[in-house]
Amino acid sequence: MAAARPQVYIYSNDDSKPTSQISLPAVFKTPIRSDLVNFVHTNMAKNHRQPYAVSKKAGHQTSAESWGTGRAVARIPRVRGGGTHRSGQGAFGNMCRGGRMFAPTKTWRRWHRKINIKQRRFAVASALAASSLPALVMAHGHRIEKIPEVPLVVSNGIENIDKTKQAVKLLEQLNAAADVERSKASRKVRAGKGKMRNRRHVQRKGPLVIYNEDNGIRKAFRNIPGVDTCSVERLNLLQLAPGGHLGRFCIWSEAAFQKLDDVFGTTKKKSQQKKDFMLPRSKLFTDIQRIINSDEVQKVIRPKRRKPKRAAIKKNPLKNPFVMHKLNPFSTVTKRAALKKHGLAK
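Reading guide: rules and limits
Residues numbered from 1 in each chain as written. Predicted model: local features only at pLDDT ≥ 70, side-chain atom pairs only at ≥ 80, totals over all residues. Heavy atoms only, no water. Helix = DSSP H or I, 4+ residues; strand = E, 2+ residues; numbered from the N terminus. Rg over C-alpha atoms; globule rule 2.2 N^0.38 Å. Buried < 20%, exposed > 50% of the residue type's maximum accessible area, 1.4 Å probe, protein only. Core = buried A, V, L, I, M, F, W, Y, C linked by side-chain atoms within 4.5 Å. Contact = heavy atoms within 4.5 Å. Arc of directions from axis to C-beta. Phe/Tyr/Trp six-rings, centres within 6.5 Å; stacked < 30°, edge-to-face > 60°. Lys NZ or Arg CZ within 6 Å of the ring centre and 35° of its normal. Pairing = 2+ DSSP bridges. Polar contact = N/O pair within 3.5 Å; in protein donor to acceptor, adjacent residues only side chain to side chain. Axes fitted to C-alpha atoms, helices over the stretch in contact; angles between N-to-C directions. Salt bridge = Lys/Arg side-chain N within 4 Å of Asp/Glu carboxyl O.

*Asks:* It is not clear to me how the overall build of the protein chain should be interpreted in this structure. Could you clarify?
*Replies:* A tally of helices and strands in the protein chain yields 13 helices and 10 strands. Relative to the globule expectation of 20 Å for 346 residues, the C-alpha radius of gyration of the protein chain, 36 Å, shows a markedly less compact shape. With respect to the principal axes defined by its C-alpha atoms, the protein chain has extents near 110 × 90 × 45 Å. For the protein chain, with 346 residues in total, the buried portion stands at 35%.

Laid out in structure tokens, this is it:
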């Protein structure tokens, strides 16, 4: 869970100077669950796929029959006739040239996934909480070194901007233009066959502008590379955590920021827009060290165990020369003299 501060500054959309303060909504104190966000994102991303399949007749549009046994050839069906290279060639099988694929794809595959509504809501709340931590936002790749703070809240005048020129000027005043330039510079041709399928280019994500009322803000920001817009009432996990990774850089309008407590509720009050939804609380107190070292715990736990003393293994000095040398260093000289006397010394 993020270490949240109680107040956030609101910056003017005219000169980008702080004008007032606003309390931080409770949704930003939600426990951050990267595993849940990744799971929900993976399943949500499957819900806009379109069915595809090969033709039902593909690979079978020829007259072919097996020659049977006794002709020293494989029993694969072979094309009938003569007078051409095609006659006698194998057909139908997935190992044959011009044959069908193995297990031909069908349109009735299970393309979409149902996701529990509480999991989806928890994942969105967790992604919002992660967007308020500068470390996670920077780890996502966003250039936020020069912006005043995150979350970045701008006065309601941002919702009335209807010209792209004004939107670009506002991003420059907020020092968020560096992130837009990073996104713009990252545009490149996609690797693979997607470039032939109307997905020719790929590009990194830039800021996400979240508003309450659309008075022209969508048209103003939609032509800026990498910038996305979203209504606070329709927050989407695919935009808040692209790729299933936490830490999207978000720019809020003041009205949208104020509405978060109504949309998601708090840990004590239910949401006004989501039926029977209350923000989840952290199930584990994070300061474990303080709990363990507290007087209440220390007085009931057993004392620290001492390491058991293991008895040393006794070795016979008459059989082990190293032990004998330890007991009697002169034994080595005596032994060598005896061997030399009998002519056995090397």
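*Asks:* Looking at this structure, I do not really get the nonpolar core. What am I missing?
*Replies:* For soluble globular proteins, the rule of thumb is that nonpolar side chains tend to be buried together. Formed by 38 residues in total, the largest nonpolar core has its most connected members in Trp252, Leu260 and Phe264. Among the secondary structure elements, those contributing two or more residues to this core are strand S1 (7-11), helix H1 (34-44), helix H2 (117-130), strand S8 (208-211), helix H7 (237-240), strand S10 (250-253), helix H8 (254-258) and helix H9 (260-264). Sorting elements by how many residues they give to this core places H2 first, with 7 residues. With sequence-adjacent residues up to four places away left out, Trp252 is seen in contact with Phe28, Leu128, Pro151, Leu152, Val153, Val154, Ile210, Val232, Phe257 and Leu260.

*Asks:* What am I meant to see in helix H5 (residues 177-185) here?
*Replies:* Taken as a whole, H5 has its buried residues at Asp179, Val180, Arg182 and Ser183. Projected down its long axis, H5 shows its buried positions confined to an angular sector of 155°, all on one face.

*Asks:* Before we go on, may I ask you to explain unusual backbone geometry in this structure?
*Replies:* The bulk of non-glycine residues show a negative phi, and the bulk of peptide bonds are trans. Of note, the amide linkage connecting Val150 to Pro151 takes the cis form, showing an omega dihedral of -5°. As for its position among the elements, Pro151 is in the loop between helix H3 (134-139) and strand S5 (152-154). Phi at Phe92 is positive, roughly 75°, even though this residue is not glycine. Judged by relative accessible area, Phe92 falls into the buried class, the value being 18%. Even without glycine at this site, Asp276 takes up a positive phi of about 55°. On the secondary structure map, Asp276 appears in the loop between H9 and helix H10 (288-292).

*Asks:* I keep staring at the packing of aromatic side chains and nothing clicks. Help me out?
*Replies:* Any aromatic ring pair is given by two values, namely how distant the centres are and how the planes are angled relative to each other. With the rule as written, the count across this model stands at 5 aromatic pairs. Both rings, one in Trp252 and one in Phe257, keep their centres 5.8 Å apart while their planes meet at 75°; by these two values the pair is edge-to-face. Trp252 sits in the buried class, given a relative accessible area of 0%. Counting every residue linked through ring pairs, the aromatic cluster contains Phe28, Trp252 and Phe257. Here the basic side chain of Arg78 rests over the ring of Trp67, its NZ or CZ set 5.3 Å away from the ring centre. Across from the ring centre of Phe264, 5.2 Å away, lies the NZ or CZ of Lys274, which sits over that ring.

*Asks:* Just to check I follow, could you spell out the pairing of S1 for this structure?
*Replies:* Looking along a regular strand, one sees the side chains alternate between the two faces of the sheet. The pairing of S1 with strand S2 (residues 18-23) spans 5 bridges and is classified as antiparallel. Across the sheet, Ile10 pairs through a bridge with Ser20, a residue of S2. Counted between consecutive antiparallel strands, the loop separating S1 from S2 contains 6 residues, among which Ser16 sits at a positive phi close to 60°. As defined by bridge partners, S1 adjoins S5 across 2 bridges and the pair is classed as parallel. Across the sheet, residue Ile10 finds its bridge partner in S5, namely Val153.

*Asks:* What exactly am I supposed to notice about the environment of Lys195 here?
*Replies:* Counting through the fold element by element, Lys195 comes out in the loop between strand S6 (188-189) and strand S7 (201-202). Using a relative accessible area of 28% as the deciding quantity, one classes Lys195 as partly exposed. If near-sequence neighbours (up to four positions away) are discounted, Lys195 is found in contact with Val189, Arg190 and Arg200. Here the side chain of Lys195 touches Arg190 through a polar contact of 3.3 Å, landing on its backbone oxygen.

*Asks:* Even after reading the chapter, I still don't get the sheet that holds S5, so can you show me in this structure?
*Replies:* The strands making up a sheet are joined through hydrogen bonds of the backbone, oriented either antiparallel or parallel. With mixed pairing, 6 strands are arranged side by side in an open sheet as S2-S1-S5-S10-S8-S9. Where the open sheet ends on each side, the last strands, each with one partner, are S2 and strand S9 (228-231). Averaged over neighbouring strand pairs, the angle between their axes works out to 30° when direction is ignored.

*Asks:* What is the right way to read the pattern of salt bridges from this model?
*Replies:* Note that side chains of opposite charge can pair when their charged atoms are close. All chains considered together, the criterion is met by 7 salt bridges. The partner of Asp228 in a salt bridge is Arg248, and the shortest N-O contact between them spans 3.0 Å. Of the two residues, Asp228 sits in strand S9 while Arg248 sits in the loop between H7 and S10, which places them 20 residues apart along the sequence. One exposure class covers both Asp228 and Arg248, and it is buried. For Lys259, the salt bridge goes to Glu233, with nearest N and O atoms at 2.3 Å. Within this pair, whereas Lys259 is found in the loop between H8 and H9, its partner Glu233 is found in the loop between S9 and H7, the two being separated by 26 residues in sequence.

*Asks:* What's the story with the side chain of Glu149 in this structure? I'm lost.
*Replies:* Within the secondary structure layout, Glu149 lies in the loop between H3 and S5. Take Glu149: its relative accessible area is 14%, and that puts it in the buried class. Only 2.9 Å separates the side chain of Glu149 from the backbone nitrogen of Tyr9, close enough to count as a polar contact.

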